[in-house]
Protein chains: 2
Amino acid sequence: MILLNIDKEQHGDYLYQQIYQELKKKILERQFEAHEKLPPKRTLAKQLDVSINTITNAYEQLLAEGYIYAIERSGYYIEEITKFDKHRHVSRNFPEHLKEATENRNGWLSLSHMTADTALFPFKEWLKSERKAIENHQRDLAEINHPQGPYLVRETIAKFIGLSRGVACEPEQIVISAGTQPLMQQLMSIQPEDTTIAMESPGYSRIYTLLSQQLQMPVDLISLDDNGIDIEQVEKSAANFLFVTPSHHFPTGKIMPISRRIELLNWALKEEHRYIIEDDYDSEFKYETDNIPSLQSLDQHDRVIYFGTFSKSLLPTFRISYMVLPPKFLEKYQEKHADLIHYNNTLVLYTLHYFIQSGAYESHLKRMNHYYETKRNLLITELTNVFGDDIFIKDIPAGLHFVAKFNTNKTYEEVELATKELKLEIYSIKRFSLKNEYKHTENIELVIGFAIIKKEDIKEAVARLAKAIY
Amino acid sequence: MILLNIDKEQHGDYLYQQIYQELKKKILERQFEAHEKLPPKRTLAKQLDVSINTITNAYEQLLAEGYIYAIERSGYYIEEITKFDKHRHVSRNFPEHLKEATENRNGWLSLSHMTADTALFPFKEWLKSERKAIENHQRDLAEINHPQGPYLVRETIAKFIGLSRGVACEPEQIVISAGTQPLMQQLMSIQPEDTTIAMESPGYSRIYTLLSQQLQMPVDLISLDDNGIDIEQVEKSAANFLFVTPSHHFPTGKIMPISRRIELLNWALKEEHRYIIEDDYDSEFKYETDNIPSLQSLDQHDRVIYFGTFSKSLLPTFRISYMVLPPKFLEKYQEKHADLIHYNNTLVLYTLHYFIQSGAYESHLKRMNHYYETKRNLLITELTNVFGDDIFIKDIPAGLHFVAKFNTNKTYEEVELATKELKLEIYSIKRFSLKNEYKHTENIELVIGFAIIKKEDIKEAVARLAKAIY
């Protein structure tokens, strides 16, 4: 007879689970011999005064997990089960120092460049587009999608960037993914082993980390002159890929003039495998003048790979970016990524499709352009009022951030520490100084984002900045 | 005097754009000398009979793009612009053979294992959860998220898999990403150079491609015996990582019994850096008995890395998966991925949080379990009726697919071709035969998914299959 500890006050499912758990424990503790016969269901049911069904459920679960086996017309037997190796006891207590502190953001103000504003985001329109997507794409939602993203969505993006950025491409050339990082990784994975890349410094530090550390590629860092990436250094570099941000240099904000653009395109044509990656991350926002046409639109020889994103124009947390591959890269891309399951949520992508198609996206852009322009002007006015001769703002009316130079005796580290203590989120240009070219020399440069700060908080944010700088 | 071709019938913005475009064209065609002075705004306005404002707008845009420069109190001058290098003309026509054919899925039926059913998906509840997410997380939506995903969502997942799968973990250990592929890539990126991995064959071919081709790692393919991955081959292998699917082997459906589980855990403990990746891809669906507890729940020494996904339980196109890292991997992970921007849409993740919290997820799982069980039974009955002695179904009541063996003279290739012609989507086990162990020997094995087929289509699907097999 087996002794089982069961509590009959618990009914239904719970009774069979108790019996199953008790038997399982005894088997693992080797209280049975291997191949020992279990009591017939009827006997155990009688002994425990439960229904045969209850015993059947418990035995079936043990059977499914391999604790016992059954012989037809004979009964149930204990499996031969390997013993757990004994090892010194390892505490499963989670190490205290790895606990994530719950960040208290109360009272913080942000002049971070990495944000967008949700205050005017047309969530209602977004949900409307989502309902349309649900209605029309049930089948597409049930199945794994094309590695480059749904054709319909690529078609909509191709049309849109054709009109807004002069980008000439077919939907076939578009690869949608969850950010510039996976796109870059995918693009580099189809290049020959000896590929070398050059990029701007100061520049996009996350891409530098990805290329140099994750992908372990040789990366040439190139300084800027007045026209953007220094063409003489580019010519001298062994790189055959260039990563640039011509529409609004990240982070200095410079717009690359037409002459440098032509010089870069001419550089690409000088050798057979030279390419330019154009990261067009925030070109939707241009104040005072129209948008600057993309570099890709000037390229007649398929040497530019255009990178676009909805991170600034929608929300950074939506994670929708795309690249436009030259046709000659397509076959290689598709071969290499045939087994890749697309990273984006298909429902979100179809939602985006209807959001663009309905005109909601363009209205949103118009509204945000006006809204950001107002905030930008207010912030610049306030900064000028407070800092006077001690500030020089590189005032390029584009994007969601600008760089300002401050006269101060304080070092970068001191200002960073002070802003933190004053609960002001702001980043200095040192973060993007990939060659460590920024040392303190009577002034420091800060990257000032104006996307998320509220109009009514601008005065207070600038006041905190003044406290940190002086 | 400059001759400009403008059409005054177009008003407003269009007029200045015409002037801008015309001037731009002339500058690029070198009809001006470098440093040539442009006519004063007033003169040109008079000449063209337009407002000075129109000319100002055109000049400002040319200035922003670097076609001209301004000298204060003097006027506007043509920039010195590099000439485009002449190259042989490249046609920008998109190559015909790269065009994606629009697939016509009309009339197709699917027994694919890669699907889920949207018919009962509670989109209404999902949208309700999304509205809650929008209401409560505006700030989180505006800023780049934690590389592992929002803490709140990780907390909810940790709680859920604690209850449903016995997985013991803290939210800190959870990494959310857009599928098993990026998770595997991230996990492998923090392992030493000499890491070798072993996996089941037949097995998950996409993971095999990722490991062997993309990551170029040595991969040991291990056969299955009656209890799952062959422990003797595992012991002989030089691998220190094992990738297994113990709850429902992919694709054969086998459930790894407790004794093999213990053997694997014992194997891991024999050397210091041995780990087991448990891919628990469809354990939510278990018919007749309860769920099988996870391998991670048996592990007392942090040697199991648990992989979970919402691809089967929600929809494959939602792209939400996660892994549970042993605490000792955490610091390395965070250091290596400090610059990684999370791949998932934060709004979707918070939506998931409320979807689980409200109980909608559990209700959905219950409903789907019942629904899939019914379809599964109908399909098995129909297959048995039609194929009789010519079919052997490996009938493990779990997951969203099973494997069936058919007696037939036809080869794998012939059956695959025939099903295609009959518009029946179905995959053979050859696709997962990583060691090419499946040759035709009087029978063939097919992986039969029952998630997406409609009840009323089962008869027709099996009829098509019979036509293809006989």
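Below or above, wherever it landed, is the structure these notes cover. Treat the numbers as computed from the prediction; the structure is a model and nothing was measured.

**Section: the relation of the copies chain A and chain B**
Taken together, a rotation about one axis and a shift along it account for how the two chain copies relate.
Part 1 of the reasoning: Mapping chain A onto chain B leaves a residual RMSD of 0.0 Å; the transformation is a rotation of 180° accompanied by 0.0 Å of translation along its axis. What the rotation and shift describe, once combined, is the action of a two-fold rotation axis.
Part 2 of the reasoning: An overlap of 100% is found between the interface residues of chain A and their copies at the interface of chain B, pointing to a shared contact surface.

**Considering the interface of chain A and chain B**
Part 1 of the reasoning: Contacts between the two partners involve 109 residues from chain A, matched on the other side by 109 residues from chain B.
Part 2 of the reasoning: Approximately 9,400 Å² of surface area, both sides summed, lies buried where chain A meets chain B, with 54% of it carried by carbon and sulfur atoms.
Part 3 of the reasoning: At the junction of chain A and chain B, the tally comes to six salt bridges.
Part 4 of the reasoning: A salt bridge links A:E100 to B:R154, with the nearest nitrogen and oxygen atoms 2.7 Å apart.
Part 5 of the reasoning: Between the two partners, chain A and chain B, sit 43 residue pairs in polar contact (both at pLDDT 80 or more).
Part 6 of the reasoning: Of all the elements, helix α10 (residues 258-269) of chain A adds the most residues to the side of chain A that touches chain B, at seven residues.

**Here's the deal with the packing of helix α13 (residues 360-387) of chain A against helix α15 (residues 458-469) of chain A**
Residues and elements named next belong to chain A.
Part 1 of the reasoning: Direction vectors running N to C along α13 and α15 enclose 40°, while the axes themselves pass 10 Å from each other. As far as their axial angle goes, α15 and α13 are oblique. The chirality of how α13 crosses α15 is right-handed. Taken together, the residues of α15 that come into contact with α13 (itself represented by K375, L378, L379, E382, L383, V386 and F387) are I458, K459, V462, L465, A466 and I469.

**Observations concerning helix α6 (residues 151-165) of chain B**
All names here are of chain B.
Part 1 of the reasoning: With 15 residues, α6 extends 20 Å from end C-alpha to end C-alpha; this agrees with the ideal 21 Å at 1.5 Å per step.
Part 2 of the reasoning: Turning to α6, its buried residues are V153, R154, T156, I157, A158, F160, I161 and R165.
Part 3 of the reasoning: Looking at the packing, one finds that the buried side of α6 touches β4 (174-177), β11 (304-309), β12 (321-324), α12 (346-357) and α13 (360-387).
Part 4 of the reasoning: The first or second residue beyond α6 is G166, which carries a positive phi of 70°.

**Some details on the sheet that holds β11(B)**
All names here are of chain B.
Part 1 of the reasoning: Ordered in space as β4-β12-β11-β10-β9-β5-β6, the seven strands form an open sheet in which the pairing is mixed. The two strands at the open ends of the sheet, each matched to only one other strand, are β4 and β6 (219-222). Geometrically, the sheet is characterised by an average inter-axis angle of 20° between neighbouring strands, direction not taken into account.
Part 2 of the reasoning: Both strand β5 (residues 197-200) and β6 contribute to a ladder of four bridges, which runs parallel. From the neighbouring strand, A198 faces β6, where its bridge partner is D220.
Part 3 of the reasoning: On the sheet, α6 packs against β4, β11 and β12 and is oriented at approximately 110° with respect to β4.

What counts as what
Residues numbered from 1 in each chain as written. Chains lettered and ligands numbered in written order. Predicted model: local features only at pLDDT ≥ 70, side-chain atom pairs only at ≥ 80, totals over all residues. Heavy atoms only, no water. Least-squares fit on C-alpha atoms with pLDDT ≥ 70 in both. Contact = heavy atoms within 4.5 Å. Buried area = accessible area lost by both parts, 1.4 Å probe. Salt bridge = Lys/Arg side-chain N within 4 Å of Asp/Glu carboxyl O. Polar contact = N/O pair within 3.5 Å; in protein donor to acceptor, adjacent residues only side chain to side chain. Helix = DSSP H or I, 4+ residues; strand = E, 2+ residues; numbered from the N terminus. Axes fitted to C-alpha atoms, helices over the stretch in contact; angles between N-to-C directions. Parallel < 35°, antiparallel > 145°, perpendicular 65-115°, else oblique. Left-handed = near helix turned anticlockwise from the far one by under 90°. Expected span 1.5 Å × (residues − 1). Buried < 20%, exposed > 50% of the residue type's maximum accessible area, 1.4 Å probe, protein only. Pairing = 2+ DSSP bridges.

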